[in-house]
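In case you want the letters, here they are:
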Amino acid sequence: MIENLVIVESPAKARTIERFLGRGYMVKSSFGHIRDLKKKDLGVDVEHDFQPQYEVTADKKTLVKELKQLAKGSVTVWLASDEDREGEAIAWHLFEALELKPDSVKRIVFHEITKEAILHAIKHPRAIDQHLVDAQQARRVLDRLVGFKISPVLWKKIKSSLSAGRVQSVAVRLIVEREREINRFEEQKYYKVSGIFIAQDAGETPLPVKAELSERFASRDETVQFLEHCKEATFTVNDVETKPATRKPAPPFTTSTLQQEASRKLGFSVSQTMSLAQKLYENGHITYMRTDSVNLSQLAINNAKKVIVETLGEKYLHARQYTTQSKGAQEAHEAIRPTYMEKESISGDMKEQQLYSMIYKRTLASQMADAKLERTIVTIAVSGQSRTFVATGEVVLFDGFLRMYRESLDDEKEDEQMEMLPVLHAGDRLQRKRIEALEQYTAHPPRYTEASLVKKLEALGIGRPSTYAPTITTIQNRDYVSRESRMGKEREIEQFILTGDQVTRKPLIRHFGTEKRKLFPSDVGIVVTDFLCEHFADIMDYNFTAKAEEALDDVAEGKLQWQSMIRDFYAPFHANVEKTLKESERNTGERVLGTDPSTGAVVCVRIGRFGPIVQMGEGEQVRYAGLLKGQLMETITLEEALDLLKFPRVLGEYEEKQVIVAIGRFGPYIKHDQLYVALKKGADDPAIISLDTAIKRIKEKREIDSNRRIQEFENGACILSGRFGPYITYNKSNYKIPKTQDANLLTFEETMEIIEKGGELKVKTTSKAAPKKEKTTKATRGNVVKATKTTQKKPTKTK
């Protein structure tokens with residue numbers, strides 16, 4: 001008989017908690033959700049008030065059986081899943097699936113995994129909060145209805161394997177609209193003028209003053225004319241404005257701000273940040289990582305105060321409590337913070353250490369004094385000109401929280417500290433040292449990063465802390481959006497420099513429009529978004545998604561019955577689905593580009609079976625070509641499309657076989673005999689690649705493939721070296737090799753036995769060494785075609 005059975009979501013969390021509870025408690029993991037809506041059919045009984053139809057997932061049936069047996073032999077079952085709605089739903093599903101009795105079940109929650117928090121939770125159990133469960137059920141049912149009903153419409157009207165989602169489709173719309181805004185943008189050329197002037201202090205020491213002209217020039221002539229005027233001009237300090245400034249620390253992290261800052265400072269994706277935060281939480285390093293709240297407990301504030309005073313001194317302390325501004329904040333009731341404020345660093349994975357350090361510093365900084373600054377603006381007059389130069393300087397009088405942490409800016413650049421200026425007074429004459437004018441171009445609106453998309457979703461009230469990461473991951477996995485870095489356009493620009501009495505022109509090469517880890521919509525994403533906006537305007541409306549989140553908040557607070565929310569939504573939605581299926585036209589995003597000058601055939605772009613394609617002609621004369629990475633159906637030109645139709649190109653012959661370069665689903669490639677070789681990104685242009693370069697790529701590919709081959713047998717079976725270890729490939733299927741088997745020493749018979757058993761061959765292990773090499777070689781002598789040098793390794797021993 002087990003006295004106390006505690007069930008949590010993850011094994012790591014289970015191990016940590018079991019250490020705190022000790023004897024008398026058995027802690028088991030449910031490994032996340034154990035039940036979900038049925039995969040077959042809709043999984044929701046629409047005819048009976050949208051009753052969810054749950055089933056234990058196939059991979060959890062054995063686990064549920066085990067937990068059910070343990071629960072039957074326990075006096076008390078403690079459901080200790082996370083404290084948000086999803087965690088509450090997991091607790092409820094465990095209660096239902098394990099057929100627990102109410103009088104033997106206790107629900108406990110905690111927002112940090114420390115001994116004190118766990119023991120406090122044990123002393124203060126509660127019942128399962130049905131309102132939170134209903135809110136999660138409503139979200140799941142609503143999302144299933146939208147996805148299950150709209151996706152088949154997309155299959156019929158656009159292409160197969162597409163999907164739609166209440167939040168994901170709106171997120172894609174944001175990215176598509178930004179891309180179109182960028183495409184409409186018309187850049188403007190301008191010249192930016194800056195200068196370095198010399199002031200002298202009382203000791204006549206020359207002090208540089210950097211300043212920028214307050215006006216930009218639109219033309220080259222106007223710029224040069226101004227520089228010519230500056231040859232004889234005098235420069236006088238017209239005005240000096242000095243004013244104090246205060247900078248306040250940012251509040252502790254919420255889920256959203258943690259994702260944004262980790263993206264900007266550490267380059268982490270949203271899903272990577274949440275995965276690392278989950279590990280930190282489960283190992284007892286930080287508080288719960290899904291939260292809208294910026295609040296800190298009084299205990300946390302007191303501990304932070306103690307650390308600040310002991311390490312930095314009393315003057316750096318300014319304890320404060322932040323108020324949550326986020327609409328509908330409901331996940332947890334404290335910000336993300338270290339569980340032990342005195343713990344400056346942790347051991348383990350480097351990325352976990354980086355994220356922990358950022359959370360630690362941000363939390364401490366939030367309880368530190370404001371930074372005191374002094375900002376100075378100096379206006380420099382140019383004789384004979386109405387235009388003025390402006391120099392801006394900043395002095396940090398007291399660093400305050402900046403000693404600990406500096407928040408990144410939204411434009412992903414660090415907050416650069418302004419330069420200090422010498423003491424200047426109105427009327428001071430300055431000497432011109434150098435004035436330069438640099439050709440520049442206005443920048444288009446920035447594409448979304450994962451961080452800025454999360455910020456936008458939060459600002460619009462779309463989604464909640466638990467949905468940001470899965471939403472962004474889903475739209476990328478569906479190929480509606482890609483996260484890429486792209487080099488900008490290389491341009492030759494000019495710089496004019498005035499030194500002494502000479503204006504010189506200097507040509508420069510600069511890249512404009514470089515994108516780093518930005519989100520780009522795909523053609524399929526654009527076509528799907530347009531179709532949904534036309535036929536499901538309500539679903540794609542930002543306000544609808546935000547209002548749905550507010551309604552879910554009301555359900556969680558017990559103000560709204562969840563089925564009534566679904567009823568109000570479903571009737572008009574279902575009618576619209578039926579109408580769209582019957583009345584709407586098929587939409588492949590087709591766009592006619594023009595005609596081929598040589599044949600007169602019509603050239604267009606559209607979504608094909610495998611993605612965006614260029615099509616020329618019809619019937620037996622039709623030709624197709626795939627688009628290159630970075631090309632969009634909306635912006636591709638006729639000339640670019642005709643260039644794509646030149647493929648496949650025959651480059652020549654190598655080893656008496658044709659060498660062909662072509663463009664496929666995954667980009668440009670070289671084909672030689674039965675070998676396919678991808679072109680090197682950024683190095684090879686399929687339009688101009690030479691035969692010599694193609695042969696070089698073929699040889700490189702052969703060498704890579706050769707190094708991967710451990711053994712090859714006459715019947716086509718191969719043992720290859722893979723990313724996760726050696727494996728067998730046979731008839732286009734892969735089979736894992738048991739860890740107790742040495743891939744270098746496998747005989748033909750042993751290899752085929754693994755294939756026949758689906759890679760699940762059970763091998764008896766002994767303390768003796770692996771079979772001797774001579775015996776293995778003899779057994780396989782008639783079957784081995786080729787073995788690389790790796791087969792000459794000495795046999796490994798198994799314990």
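About the thresholds
- Every residue gets a number counted from 1 within its own chain, in the order that chain's sequence is written.
- Totals for whole chains, interfaces and linings use every residue, but because this is a predicted model, local features are given only for residues with pLDDT of at least 70 and side-chain atom pairs only at 80 or more, for both listing and counting.
- Where side-chain values are given, they derive from all heavy atoms of the structure, hydrogens and water being excluded.
- Any two strands are treated as partners once DSSP identifies two or more bridges connecting them.
- Secondary structure follows DSSP: runs of H or I at least 4 residues long count as helices, runs of E at least 2 residues long count as strands, and numbering of each begins at the N terminus.
- An axis is simply a line fitted to the C-alpha atoms; with a helix, the fit covers only the stretch in contact. Between two such axes, the angle follows the N-to-C directions and lies from 0 to 180 degrees.
- Whether two residues are in contact is decided by their heavy atoms: any pair within 4.5 Å suffices.
- Exposure classes here rest on a 1.4 Å probe applied to the protein chains alone. A residue is buried below 20% of its type maximum, exposed above 50%, and partly exposed in between.
- Just so you know, the count uses Lys and Arg for positive and Asp and Glu for negative, and it drops His and the chain ends.
- By salt bridge we mean one thing: a side-chain nitrogen of Lys or Arg within 4 Å of a carboxyl oxygen of Asp or Glu.
- Note on convention: near helix rotated counterclockwise from far helix by under a right angle means a left-handed crossing. Clockwise means right-handed.
- Residue polarity is assigned by list, with Asp, Glu, Lys and Arg as charged and Ala, Val, Leu, Ile, Met, Phe, Trp, Tyr, Cys and Pro as nonpolar; anything else, Gly included, falls into the polar class.
- For our purposes a nonpolar core is just a set of buried Ala, Val, Leu, Ile, Met, Phe, Trp, Tyr and Cys residues, chained together by side-chain atoms within 4.5 Å.
- Any two of the Phe, Tyr and Trp rings considered here, Trp counted by its six-membered ring, make a pair once their centres fall within 6.5 Å; the pair's planes then place it as stacked at under 30 degrees, edge-to-face at over 60, or tilted in between.
- Geometrically, a charge over a ring is one whose NZ (Lys) or CZ (Arg) sits within 6 Å of the ring centre while staying within 35 degrees of the ring normal.

Here we come to the sheet that holds strand 2 (residues 25-29). The sheet built from four strands is open, its strands ordered 2-1-7-8 with parallel pairing. Strands with a single pairing partner mark the edges of an open sheet, and in this sheet they are strand 2 and strand 8 (105-107). On average, each strand axis in the sheet is inclined to that of its neighbour by 25 degrees, with strand direction left out of account. On the sheet, helix 3 (residues 85-97) packs against strand 1 (2-8), strand 7 (74-79) and strand 8 and is oriented at approximately 175 degrees with respect to strand 8.

On to the side chain of Glu282. Its location among the elements puts Glu282 in helix 9 (residues 270-282). One buried charge, Glu282, has no salt-bridge partner; the nearest side chain with opposite charge is Lys13, at 6.8 Å.

This paragraph deals with the packing of helix 6 (residues 168-184) against helix 12 (residues 450-460). Put simply, helix 6 and helix 12 touch, their axes get as near as 11 Å, and they point 115 degrees apart. In this structure, the crossing between helix 6 and helix 12 has a hand that is right-handed. Judged by residue contacts, Ala171, Leu174 and Ile175 of helix 6 engage Leu453, Lys456, Leu457 and Leu460 from helix 12. Across the contact of helix 6 with helix 12, the residue classes tally to six nonpolar, no polar and one charged.

Here we come to the nonpolar core. Grouped burial of nonpolar side chains is what soluble globular proteins tend to show. Core analysis: the largest hydrophobic core is formed by 141 residues, its most contacted members being Phe110, Leu154, Leu355 and Val614. Looking at this core, the element that brings in the most residues is helix 5 (residues 130-157), giving 11 residues. Setting aside chain neighbours within four positions, we find Leu355 in contact with Leu258, Ala262, Leu266, Phe268, Thr273, Leu276, Ala277 and Leu280. If you look at the next biggest cluster of nonpolar residues, it comprises 25 residues, including Cys230, Ala233, Val378 and Phe496.

Inspection of every chain in the model, using the stated rule, returns 17 aromatic pairs. Look at Phe197 and Phe389: their rings are 5.1 Å apart centre to centre, the planes differ by 70 degrees, and that puts the pair in the edge-to-face class. One end of the pair, Phe197, is in strand 9 (residues 189-200); the other, Phe389, is in strand 13 (residues 388-398), and 192 residues separate them in sequence. Ring geometry for Tyr281 and Tyr288: centres 5.2 Å apart, planes at 70 degrees, overall edge-to-face. Following the ring pairs from residue to residue traces out a cluster consisting of Phe197, Phe217, Phe226, Phe235 and Phe389. Taking NZ or CZ as reference, Arg173 lies 4.6 Å from the ring centre of Tyr542, over its face. Of note, Arg491 hangs over the ring of Phe512, and the distance from its end group to the ring centre comes to 5.8 Å.

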